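Now for the letters of each chain:
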Amino acid sequence: MRLVVTGTDTGVGKTVFSAALTDAQNACYWKPVQSGLEGETDSEAVSRLGGIPADRILPEAWRLTAPASPHLSAAIDGVRLDPAALQPPDTEQPLVIEGAGGLLVPLTRGVVFADVFARWKFPVILCARTALGTINHTLLSLEAMRSRRIPILGVAFVGESHADTENVIVEIGKVRRLGRLPHLDVLTPERLRRAFRDNFDLSVLHEGSRQ
Ligand SMILES: Nc1ncnc2c1ncn2[C@@H]1O[C@H](COP(=O)(O)OP(=O)(O)OP(=O)(O)O)[C@@H](O)[C@H]1O
Ligand SMILES: [Mg+2]
C-alpha cells in the first residue's frame with residue numbers, strides 16, 4: 001500500500017498526520033523533496049513524533065537548502081530536479097509519501113507536485129485545517145486532483161472541531177472524511193498515537209479509493 005499525504009497549504013499538519021499514519025500502519029515514510037535543512041526536517045519530525053525507527057524513514061530524493069518552493073530552492077542550490085525520474089523507493093512495507101506544501105507547488109517551472117501524483121496514481125489523503133478559509137482551499141484542492149484523475153482517499157482534518165465546516169466540505173466536495181486530528185498541546189508519540197487511534201477509522205485505508 002502506497003499513500004500520498006498532501007495538504008491544502010504548507011504548515012497544515014501533514015508531517016504530524018504522516019507521523020501518526022506511518023506509526024499506525026507500521027509503514028515506511030518518504031519525503032521526496034525536502035526544502036529547508038535548517039532545524040528539523042520532516043523526516044526527522046516523523047521519526048520523533050511517530051517514534052519511527054530510522055530504517056523506516058527512507059532517504060529523500062532531493063535535499064535542498066532553502067526553505068522555499070522546490071523549484072526555487074533547487075535553483076538556489078544549482079540542482080536540476082527531474083520530476084519524471086521521481087519514483088518511490090522499493091519497499092515491501094506500506095509507504096507513506098509526504099509532498100511539499102500543497103498540490104500545485106512547483107518542482108520545476110513546468111511541473112507541479114500534482115502532476116507527479118497523477119503519474120503515480122497512488123491514493124491521496126488531503127490534510128486540511130478546520131480553521132477559517134479551509135472550505136475554499138479544500139474544495140480547490142479536490143478540484144485540482146479530480147481534473148488530473150488523482151485517486152482521492154479522503155480528507156484528514158487537523159485542528160479544533162468545526163462540524164459545519166467539515167460537513168460542508170464533505171457535501172460540496174463529495175469526499176470522504178477520514179477523521180480529525182485535534183490540536184494537541186503536547187505532541188508526544190503516545191499522545192499522537194492515541195489521538196489518531198481515537199479519531200481515525202483505518203479500515204477505509206484498505207478499501208481502495210473513491211473519486
Ligand atoms: N494536531 C496538532 N497538534 C499540535 N500541533 C500541531 C498539530 N498538527 C500540526 N501541528 C504543528 O503545526 C506546525 C505545522 O505542522 P506540520 O509540520 O505537520 O505541517 P506540514 O503541513 O507538514 O508543513 P510543510 O508544508 O512544511 O511540510 C508544526 O509546528 C506542528 O508541530
Ligand atoms: Mg511537512
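These numbers come from a predicted model, not from an experiment.

Some words on the site of ligand 1
Now for step 1: If you check the shell around ligand 1, you find 16 residues, and the closest are Thr10, Gly11, Lys14, Thr15 and Leu184.
Now for step 2: In this structure, Gly13 approaches ligand 1 through a main-chain N or O atom, which is 3.1 Å from an oxygen atom.
Now for step 3: Leu184 is positioned with one of its backbone polar atoms (N or O) 2.8 Å from a nitrogen atom of ligand 1.
Now for step 4: In isolation ligand 1 exposes 630 Å². Once the protein is present, 70% of that is buried.
Now for step 5: Assessed atom by atom at 2 Å from the grid points, ligand 1 resides in the largest pocket.
Now for step 6: At three residues, the largest contribution of residues to the shell around ligand 1 is made by helix 1 (residues 14-24).
Now for step 7: Looking at side-chain class alone, the shell around ligand 1 contains six nonpolar, six polar and four charged residues.

Here's the deal with helix 5 (residues 134-147)
Because each turn of an α-helix spans 3.6 residues, side chains separated by three or four positions in sequence point in the same direction.
Now for step 1: Between its first and last C-alpha, helix 5 extends 20 Å over 14 residues, near the 20 Å set by a 1.5 Å rise per residue.
Now for step 2: Among the residues making up helix 5, those that are buried are Thr134, Thr138, Leu139, Ser141, Leu142, Ala144 and Met145.
Now for step 3: Along its buried surface, helix 5 packs onto strand 1 (2-7), strand 7 (124-129), strand 8 (152-158) and helix 6 (163-173).

Focus: helix 1
Now for step 1: Buried residues dominate helix 1, accounting for nine of its 11 residues.
Now for step 2: For helix 1, the set of buried residues is Lys14, Thr15, Phe17, Ser18, Ala19, Ala20, Leu21, Thr22 and Asp23.
Now for step 3: Once helix 1 finishes, Asn26 follows within two positions and takes phi at roughly 55°, a positive value.

Focus on the layout of surface pockets
Now for step 1: When its volume is computed, the largest pocket comes out at roughly 490 Å³.
Now for step 2: Taken together, 26 residues form the lining of the largest pocket, with Thr10, Gly11, Val12, Lys14 and Thr15 sitting closest to its centre.
Now for step 3: A total of three residues in the lining of the largest pocket trace back to one element, the largest contributor, which is helix 1.
Now for step 4: Of the residues in the lining of the largest pocket, the class split is 12 nonpolar, 10 polar and four charged.

Digging into the packing of aromatic side chains
Now for step 1: One pass over the structure, following the stated rule, counts seven aromatic pairs.
Now for step 2: With a centroid separation of 5.7 Å and an interplanar angle of 45°, the aromatic rings of Phe113 and Phe117 are classed as tilted. Taken together, the residues Phe113 and Phe117, both in helix 4 (residues 113-120) and four residues apart, mark about one turn of the helix.
Now for step 3: Phe117 gets classed as buried once you look at its relative accessible area, which sits at 1%.
Now for step 4: Ring pairing ties together the aromatic residues Trp30, Phe113, Phe117, Trp120 and Phe122, which thus form one cluster.

A closer look at unusual backbone geometry
Now for step 1: In the Ramachandran plot, Asn26 falls in the positive-phi region, its phi being about 55° despite a non-glycine side chain.
Now for step 2: A positive phi angle, close to 45°, is found at Lys174, a residue other than glycine.
Now for step 3: Here Lys174 is to be found in the loop between helix 6 and strand 9 (177-181).
Now for step 4: By relative accessible area, which is 60% here, Lys174 ends up exposed.

Structural notes on the pattern of salt bridges
Now for step 1: Following the criterion strictly, the structure yields nine salt bridges and no others.
Now for step 2: For Arg148, the salt bridge goes to Asp115, with nearest N and O atoms at 3.0 Å. Of this pair, Arg148 sits in the loop between helix 5 and strand 8 while Asp115 sits in helix 4, and the two are 33 residues apart along the sequence.
Now for step 3: Given a relative accessible area of 30%, Asp115 falls into the partly exposed group.
Now for step 4: For the salt bridge of Arg180 with Glu166, the shortest nitrogen-to-oxygen distance reads 3.5 Å. Taken as a pair, Arg180 in strand 9 and Glu166 in helix 6 lie far apart in primary sequence, 14 residues in all.
Now for step 5: When salt bridges with common partners are traced through the structure, they connect Lys31, Asp42 and Glu98 into a single cluster.

What to know about the nonpolar core
Now for step 1: Within the largest apolar cluster, 36 residues are counted, with the highest numbers of intra-cluster contacts made by Trp120, Leu142 and Met145.
Now for step 2: Where this core is concerned, the elements lending two or more residues are strand 2 (28-30), strand 5 (62-64), strand 6 (95-98), helix 4, strand 7, helix 5 and strand 8.
Now for step 3: Per element, the largest residue contribution to this core is six residues, and it comes from helix 4.
Now for step 4: Not counting residues within four places of it along the chain, the set of residues in contact with Met145 comprises Leu103, Val124, Leu126, Ile150 and Ile152.
Now for step 5: Judged by nonpolar contacts, the second largest core, of 28 residues, contains Ile52, Leu181, Leu184 and Leu192.

About the criteria used
Residues numbered from 1 in each chain as written. Chains lettered and ligands numbered in written order. Predicted model: local features only at pLDDT ≥ 70, side-chain atom pairs only at ≥ 80, totals over all residues. Heavy atoms only, no water. Near = heavy atom within 4 Å. Polar contact = N/O pair within 3.5 Å; in protein donor to acceptor, adjacent residues only side chain to side chain. Areas by Shrake-Rupley, 256 points an atom, 1.4 Å probe, with all protein chains shown as cover. 1 Å grid on protein atoms, 1.4 Å probe; cavity = no way out; pocket = protein on both sides within 12 Å on 5 of 7 lines; lining within 4 Å. Sits in = over half its atoms within 2 Å of the grid points. Helix = DSSP H or I, 4+ residues; strand = E, 2+ residues; numbered from the N terminus. Nonpolar A, V, L, I, M, F, W, Y, C, P; charged D, E, K, R; others polar. Expected span 1.5 Å × (residues − 1). Buried < 20%, exposed > 50% of the residue type's maximum accessible area, 1.4 Å probe, protein only. Contact = heavy atoms within 4.5 Å. Points joined across faces, edges and corners; volume = space filled by probe spheres on them. Phe/Tyr/Trp six-rings, centres within 6.5 Å; stacked < 30°, edge-to-face > 60°. Salt bridge = Lys/Arg side-chain N within 4 Å of Asp/Glu carboxyl O. Core = buried A, V, L, I, M, F, W, Y, C linked by side-chain atoms within 4.5 Å.

Purely spatial values, then, with no claim about function.
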